[in-house]
Amino acid sequence: MIKIITLFILMLGGIGARVHGSETALAGLEQAPTRDVELAFGRLTQSKGSLPLRGSSPEGQVEFGVRSDEVVSSATLNLEFIPSPALLPVESQVKVYLNDEMMGVVPIAPEQLGNKSRVQVPLDPRYIGDFNRVKLGFIGHYQRICENPVHSSLWLDVASSSSLSLRYQALPLKNDLSYFPEPFFDDRDTRPLTLPMVFAGSPALAQQKAAAVLASWFGAQAQWRGQRFPVLFNQLPERHGIVFATNDQRPDFLQDYPAVDGPTVEMISHPQDPYVKLLLVLGRDDQDLVTAVQGIAQGSILFRGQSVTVADVRPLAPRQPYDAPNWVRTDRPVAFAELQNYPGQLQSSGMEPSPMALTLNLPPDLFMTRDPGIAMQLKYRYTSPKTDDGSRLVVSLNDQLLRTYSLKPERQSGEKLLQLLLLQDASGDNQLTIPALQLGTSNQLRFNFDYANAILGGTPERCETYQPIPNEVVIDGDSTIDFSGYRHFIAMPDLRSFANAGFPFSRLADLSQSLAVVGKHPGPAQLSALLNALGAIGAHTGYPALGVRLSDDWQQEQDRDLDVLLIGAIPAELRDDRNIHLLFEATRSWVQMPARQASRPELMPDSEDDRPESEAKIDSDGPMAAVIGFQSPFHEQRSVVALLADSPRGYQLLNEAINDGGQRAALSGSVAVIRESGINSLRVGQAYYVGYLPWWERIWFSLAPHPLVLATLTALSVLLMVLVLWRVLRTLSRRRLSPDERD
Amino acid sequence: MNWLMGPLLSQGLRALGLRYRGYRSQGSSVPAAGLCCAGLLLAWSLFRLESPGWQALRTRHGYWFPHLAPERPRSGDGLRYLLQAGWLLLTRPAGQRQPIWPARWRDAGSRRRRSASVADRQESETASPSSPRGLRRIGRMLMVLVSVLLALLCISQPFDLQTQLVFVMVLWAMAMAVRRLPGRFAALLMIMLSLLVSCRYLWWRYTSTLNWDDPLSLLFGLLLLAAETYAWLVLVLGYFQSLWPLHRQPTPLTAAPADWPVIDIMVPTYNEPLSVVKPTIYAALGIDWPKDKLNIYLLDDGDRATFREFAAEAGVRYIARPTHEHAKAGNLNYALRQAEGEFVAIFDCDHVPTRTFLQLTMGWFFKDKKLAMLQTPHHFFSPDPFERNLGRFGQTPNEGSLFYGLLQDGNDMWDATFFCGSCAVIRRSALDEVGGIAVETVTEDAHTSLRLHRLGYTSAYIRIPQAAGLATESLSAHIGQRIRWARGMVQIFRLDNPLLGKGLKLTQRLCYANAMLHFLSGIPRLIFLTAPLAFLLLHAYIIYAPALAIALYMLPHMIHANLANSRIQGKYRYSFWSEVYESVLAWYIARPTTVALFNPHKGTFNVTGKGGLVEQAHVDWEISRPYLVLVLLNLCGLIAGGWRLAYGDADEIPTVILSLGWVLFNMLILGGAIAVAVEARQVRQAHRVDIALPAAVKRADGHLFPCTVRDYSDGGVGIELRQDGVLQEGEPITLLLKQGQRECTFPATVRRRVGTRIGLQLSTMTREQHIAFIQCTFARADTWARWQDEFARDKPMASLSDVLALGWNGFQSLLDYLPSPLTRLSAGVSRLLAWLASFIPRNPDQDMPLSGPSRTFAQP
């Protein structure tokens, strides 16, 4: 409820401001560029699919946002649906609301019953604001008297191919940095962020670092949306973009721009298209650019006007390991309230309240194997069911059932201590067994209140119907989940943890223990790979990579205790390393295959299966990219992740693999080959372990599945001890019985 | 070090090379010969192979290892030797030791060893670094280190439930395998296994069963954990105490009788009737010791004229002191100032000494000049309240058996035998050095021996009863006595803590600490009796773990502890009886020990009453009140458990069932405590003692009939004739008994006659006759020798069902004494249960006696 009110207030404010602004704008700029967008329901609904409306849950909604540099000039709702054949025509209807304003009614005609129907409902663009909600209300009837409002024949399925046709019109924007990061990043835009970065030519290391930090900062803003940073050399972008320029080295289109006397961030319009904005990051030299980017990352809250100069950015306290803002705290129990992403996430209402979900991002190296479970203290409140009818609360993790609790009629709240079981549930109650459920890097904890709603229907002679009352359920924000006290220990190489969490680089959120090795004079594709990779890590951590170190000479950095991100190619010195199981050079590639492919990559490595068994060399002209992970040859606790590509197309493949969530999921093991067809991952070679696990815990870990070995050791220990004890006691007793032997 | 070891090493290497070549020439393979050489090296560094014992073993190699050829080793021979040695160690009966270590167990051997070890020591002092002895010590240390590390791993290794199940089953199988094997080695194995499993349990409890999120659960959980830690500590110390009972035998008096020391026998009394004291004094008069070197003192703190007259008549010295401070200790100290003997023997006024008491004990004082105190067991010929009220006299070892049979004997190994107030001899010079009997605490005896030990004096214990007395006759008196002991021990713990202070060896400190800790069992026991209620009534998770895990950790801990204890103390206390004994006392010693712990000077001395009667069977309601309260609480727990089963959370059902099982066990133990409080009738003033003693009866007509005395008391004798029908009821006869070479006659009347069994009542005896009777019966040297022999071997499961049946009987008799229709109901229920139980099949049992010893009716 609170959520609705807040949204409503937000919208009222938004609409007022927007309507006023757009009218004036529309008057003057009829030729403003427009784009037509078709938003399919399949992407908008919560379930990412069709929108079923039923008697028990007659309402469905989709939401969409509008960027601040655009306005919707016309909108149409294209509804595709199949109504139940049992409905009474005309009495049954679908109401369409836009931001709670009625936009139209779709009566169900007799010929539509049971057939796929298409209806267009025009939406009044004046009611469209920043955040918008299109709500469908289903009013269904199947008989005239004594109707059961939740009868199973009351349904209407809105297909996922239904869509919103929107015509966006660009708005001319003032060059005002106080809106920053808009329009470069707009959080109402759910599309992946694409932000071109423009350099005068192949940039020096410091300039690359500035770009990398900025990319990771934008990645942190973009979060789940995805991000892409195409790189242009001395070329104007076609959309909002970032331009790096020093006083000496500038793209041609900025040649006559006045020199700056310090790190400066400025927003200007595209010289050819006033609707496109450019963010200039300027400085006297490359170092100034880094400072300017740091200013963006740490001080954008103070930005205003068209141009700002960054006077100074000083770090005050170093980041601690595992303190990334996007990760669940591991130093103390975390309240659910800290984990929620938006207000109202932990409450729900309705006849069948929709499930509530919490996302838990965990450091990938939490060592939780063999732990009995994670303590979760769950408090919840609910509308009590009238009878003990089997209504229940279902708790599931990553779509796997954890526990169910029945909702008792006499109570309205519950409090449960729950061990999130990581292993087989051997307590045997409820016949509930969880198949080796494991927490991954990103986990969804879901709470679903299932009500068995009893509807009193009555008989045809004496008919009584009741207005069904929606059930209100709340998970208390004070509920806690505790990930503290776990050791950090993980078998590497593990590309899955790199793909899903940027590990091991993200161990320090500012990447201050990471080194990115780039090629000398990188081309745009290679640079783009660097920016995309750091942007992805930023999206995982939620923090800019302020501490990252860049180098183009592998040799110089040997004695630094850092994790290494290699971009482009394996340095020549490493080519003979036995731990590198995939190599390619020009058109020739080598790969080593494991003795047996890991069936479940998330399980602990098995050195027998992973042993390299063969090596193959293939020559081909086709493009290819690869991601490989291996132990740093200089520090045994450090890792190298290499992003390799052989051609511009190869880099393109690589960038797609890093940015696309679906493709990223296929990255795992120690070697991933990226071809036009997709990604193939292998786990091959000896695993190495990163993190700290005391020697005794290692022994425990290795002995845990071998009770017979331990029993033998016990017998041995007891036998040895008794042998010694027996001899000593025998001597002692003899001495006791002959006292004069004593001194 | 290196230059010292150098020549030795090269010599050894040469010898080893020779041996290797020898093996090879006999046709051994390279690995077999190499392994054998390595094994020899290891054996040589661990054991004294050159010693006569090992030499003897090696000469008889073919006998002990018939399947192994030493001159031509095979590759698996190391394991074969190990297995065969283990087999021999475990299976060889104790009597066959001599062939292996012929010298060790004979006197001649000990003499040899004495000289040898002195020589050894001198040798090791001069050339310690290079001697194989030093190496061997290092080898042994390494062995201990390795085994301790392994043990730590086994204790701490976390397992999930299935693997834990496998693990504990294997350990259990090991324990069961060695359980029946004879010898101390197997007993030590059992102890070590039990220790390991219990440590593992406690480790698990501390590391993974506390719920820090819920304060209520945490509170109760910590309470239970503290109680369990206490129980663990007592278990460990108990194992330590009984690791190696010394079985000290009497040693001959080496000096000529003229050089024997003067001994004062002191019999303190306070309020006991004269009839109790008389036999003691009479028996003391008959003790074998030169009369001029033996002074008997009757120390009457009650200052009674009859006692003074009796002492004068009997010819013993009478001492009554003008003031009465410090009770028994004060009484003794007052008398000690007037006595001048070199040794003092102390007997409680009801402890009748046998004639051999001094002869058996004094030898050790000659042998060990530092010996300050020698204790013998307290033996009771009357049933204690447990035995009487439960009807178990003579069927199960009594409560004291464990202490005098095992613990004191075990203490003796560590030179930590306590003085127990009676039946002991003390060296006067040592006693004077510690300022006489200690008066600061109410257990003056233990405190005195603690002080003696602190001065470096030694103590000894001979496990042969040399005196016997009366047990306390009522439960309340028994409890009163235990309260006194408990308070006294805790007082010592506070005032003169054995763990701190000077003079004691670590082993002595541990033994004393255990004796004192033992009496703090009240509160932990009460916690165990109520712990499951915290879950059933208050829903506090006292052990925060799944029920199955609790079972998989706790049960092995309990089973192994019981198996080990059954093995080491089964002869002296049957399994699970401790539960009953401790539960009865728990409530009563909880308060005084706690008070004494905080304020050791509070509390008074109470005298243990003896020689009284219980006129009528009754329930001692006052004594059993706390148990009734506990029973009611547990009953509430049962009801709550039933409710939880029916309506509670389905997830908790295993936990509820586990708790209910625990509650039921507690209920039955409490039932046992109540059964003890049902005081059985006790009317016979003089207690019968069973014996088999050749004697004769003379009829008035002068006919003599040989007979066997089957039992006797202070006023009557039961005899068994060889033929039937020679005596008539009411017939006056004369009984002839032998005392050494002397024959004594006692006039008596036939009271009862059942076949050949005759009950005689002794006529009023003169003083001389009475002395003679006591010396012919109670004071005979062999009277109490059969002590302990009549008990069958402990069977834990049988004992458990015994104890549980006892608990059930307790409830039944409780209802019997309730004036209500409940009586009939309970009778019906128990008849039904007995009927159901009669269907259970059972094994014919050879070990158990068919019934209690049958008795004739010696009626006073």
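Note that the structure is a prediction, hence the values are computed from the model and not measured.

Section: the packing of aromatic side chains
Here comes step 1: Inspection of the entire model under this criterion finds 37 aromatic pairs over all chains.
Here comes step 2: Measuring from centroid to centroid gives 6.5 Å for Tyr-382 of chain A and Phe-449 of chain A, while their planes differ by 40 degrees, and the two rings are tilted. Residue Tyr-382 of chain A is located in strand S23 (residues 374-382), and its partner Phe-449 of chain A is located in strand S27 (residues 442-450); the two are separated by 67 residues in the primary sequence. For the pair Tyr-382 of chain A and Phe-449 of chain A, a shared accessibility class is recorded, and that class is buried.
Here comes step 3: With a centroid separation of 6.4 Å and an interplanar angle of 25 degrees, the aromatic rings of Phe-403 of chain B and Phe-418 of chain B are classed as stacked. Placement of the pair is Phe-403 of chain B in helix H16 (residues 399-413) and Phe-418 of chain B in the loop between H16 and strand S8 (424-427), with a sequence separation of 15 residues.
Here comes step 4: Residue class for Phe-403 of chain B comes out partly exposed when judged on its relative accessible area of 25%.
Here comes step 5: Here the aromatic cluster, defined as three or more aromatic residues joined through ring pairs, consists of Phe-180, Phe-184, Trp-217, Phe-218 and Phe-303 of chain A.
Here comes step 6: The ring of Trp-726 of chain A is capped by Arg-730 of chain A, whose NZ or CZ atom sits 5.0 Å from the centre of that ring.
Here comes step 7: Here the basic side chain of Arg-248 of chain B rests over the ring of Trp-364 of chain B, its NZ or CZ set 4.3 Å away from the ring centre.

Section: the domain arrangement of chain A
Residue and element names in this part refer to chain A.
Here comes step 1: Under the domain assignment used here, chain A contains domain 1 (2-170), domain 2 (177-309), domain 3 (334-485), domain 4 (488-691) and domain 5 (706-742).
Here comes step 2: A C-alpha centroid distance of 38 Å is found between domain 1 and domain 2.
Here comes step 3: Contact residues are listed per partner, giving 14 residues for domain 1 and nine residues for domain 2.
Here comes step 4: Each partner contributes to the roughly 990 Å² buried at the junction of domain 1 and domain 2, and carbon and sulfur atoms together form 46% of this total.

Considering the sheet that holds strand S18 (residues 307-309) of chain A
Residue and element names in this part refer to chain A.
Here comes step 1: One open sheet accounts for six strands, arranged S14-S12-S15-S17-S16-S18; its pairing is mixed. Every interior strand has two partners, whereas the edge strands, strand S14 (231-233) and S18, have only one. Mean inter-strand twist for the sheet, computed between neighbouring axes without regard to direction, equals 20 degrees.
Here comes step 2: Lying over the sheet, helix H4 (residues 286-299) contacts strand S15 (241-246), strand S16 (264-269) and strand S17 (277-283), oriented at roughly 125 degrees with respect to S17.
Here comes step 3: Helix H7 (residues 524-541) rests against strand S12 (197-199) and S14 of the sheet, and its axis sits at about 145 degrees to S14.

Points about the sheet that holds strand S30 (residues 487-492) of chain A
All names here are of chain A.
Here comes step 1: Reading across the sheet, the three strands line up as S22-S30-S41 and stay open at both edges, with antiparallel pairing between neighbours. Because the sheet does not close on itself, it has two edges, and the strands there are strand S22 (366-367) and strand S41 (688-691).
Here comes step 2: Note that S22 and S30 share two bridges and pair antiparallel. In the strand pairing of S30, Leu-366 is matched with His-488.

Some remarks on the interface of chain B and chain A
Here comes step 1: Facing 60 residues of chain B, the contacting portion of chain A comprises 47 residues.
Here comes step 2: Together chain B and chain A conceal approximately 5,200 Å² of surface at their shared face, both sides included; 70% is due to carbon and sulfur atoms.
Here comes step 3: With its nearest N and O atoms 3.5 Å apart, the salt bridge here joins Asp-415 of chain B to Arg-736 of chain A.
Here comes step 4: Here chain B and chain A share eight residue pairs in polar contact (both at pLDDT 80 or more) between them.

A look at the pairing of strand S40 (residues 678-682) of chain A
Residues and elements named next belong to chain A.
Here comes step 1: Bridge count between strand S39 (residues 671-675) and S40: five bridges; the pairing is antiparallel. By the bridge assignment, Arg-675 is partnered in S40 with Gly-678.
Here comes step 2: Taking the residues between adjacent antiparallel strands as the criterion, S39 and S40 are bridged by two residues.

Here we look at unusual backbone geometry
Here comes step 1: Between Phe-180 of chain A and Pro-181 of chain A the backbone carries a cis peptide bond, its omega angle lying at 10 degrees.
Here comes step 2: Note on placement: Pro-181 of chain A falls in the loop between strand S10 (163-170) and strand S11 (193-194).
Here comes step 3: For the peptide bond that leads from Met-492 of chain A to Pro-493 of chain A, omega is -5 degrees, which places it in the cis range.
Here comes step 4: Within the secondary structure, Pro-493 of chain A sits in the loop between S30 and helix H6 (495-501).
Here comes step 5: Phi angles above zero are rare outside glycine, and His-521 of chain A is one such case at about 50 degrees.
Here comes step 6: Take His-521 of chain A: it is sitting in the loop between strand S31 (514-517) and H7.
Here comes step 7: With a phi close to 55 degrees, Asp-303 of chain B is a non-glycine residue in the positive phi region.
Here comes step 8: Mapped onto the fold, Asp-303 of chain B is located in the loop between strand S2 (294-300) and helix H12 (305-314).

With respect to the UniProt feature "transmembrane region" (unreviewed entry) in chain B
Residues and elements named next belong to chain B.
Here comes step 1: Those residues carrying the UniProt feature "transmembrane region" (unreviewed entry) are residues 28-47, 138-155, 185-204, 216-240, 534-555, 627-647 and 653-678 in this numbering.
Here comes step 2: Counted over residues 185-204, helix gives 100% and strand 0%. Its end C-alpha atoms are 29 Å apart.
Here comes step 3: Across residues 216-240 one finds 100% helix and 0% strand; the C-alpha atoms that close the span lie 36 Å apart.

A closer look at the environment of Trp-260 of chain B
All names here are of chain B.
Here comes step 1: Assignment of secondary structure puts Trp-260 in the loop between helix H10 (215-241) and strand S1 (263-269).
Here comes step 2: On the basis of relative accessibility, which here comes to 11%, the residue Trp-260 falls in the buried class.
Here comes step 3: As a C-alpha pair, Trp-260 and Phe-366 span 106 residues in sequence and 9.4 Å in three-dimensional space.
Here comes step 4: In contact with Trp-260, other than residues within four places in its own chain, are Leu-253, Ala-255, Trp-289, Pro-290, Lys-293, Gln-359 and Phe-366.
Here comes step 5: For Trp-260, the side chain forms a polar contact with the main-chain oxygen of Ala-256, separated by 3.3 Å.

Definitions and cut-offs
Residues numbered from 1 in each chain as written. Chains lettered and ligands numbered in written order. Predicted model: local features only at pLDDT ≥ 70, side-chain atom pairs only at ≥ 80, totals over all residues. Heavy atoms only, no water. Phe/Tyr/Trp six-rings, centres within 6.5 Å; stacked < 30°, edge-to-face > 60°. Helix = DSSP H or I, 4+ residues; strand = E, 2+ residues; numbered from the N terminus. Buried < 20%, exposed > 50% of the residue type's maximum accessible area, 1.4 Å probe, protein only. Lys NZ or Arg CZ within 6 Å of the ring centre and 35° of its normal. Domains from an automatic or database assignment. Contact = heavy atoms within 4.5 Å. Buried area = accessible area lost by both parts, 1.4 Å probe. Pairing = 2+ DSSP bridges. Axes fitted to C-alpha atoms, helices over the stretch in contact; angles between N-to-C directions. Salt bridge = Lys/Arg side-chain N within 4 Å of Asp/Glu carboxyl O. Polar contact = N/O pair within 3.5 Å; in protein donor to acceptor, adjacent residues only side chain to side chain. UniProt positions renumbered as here; feature names shortened; annotations may be inferred.

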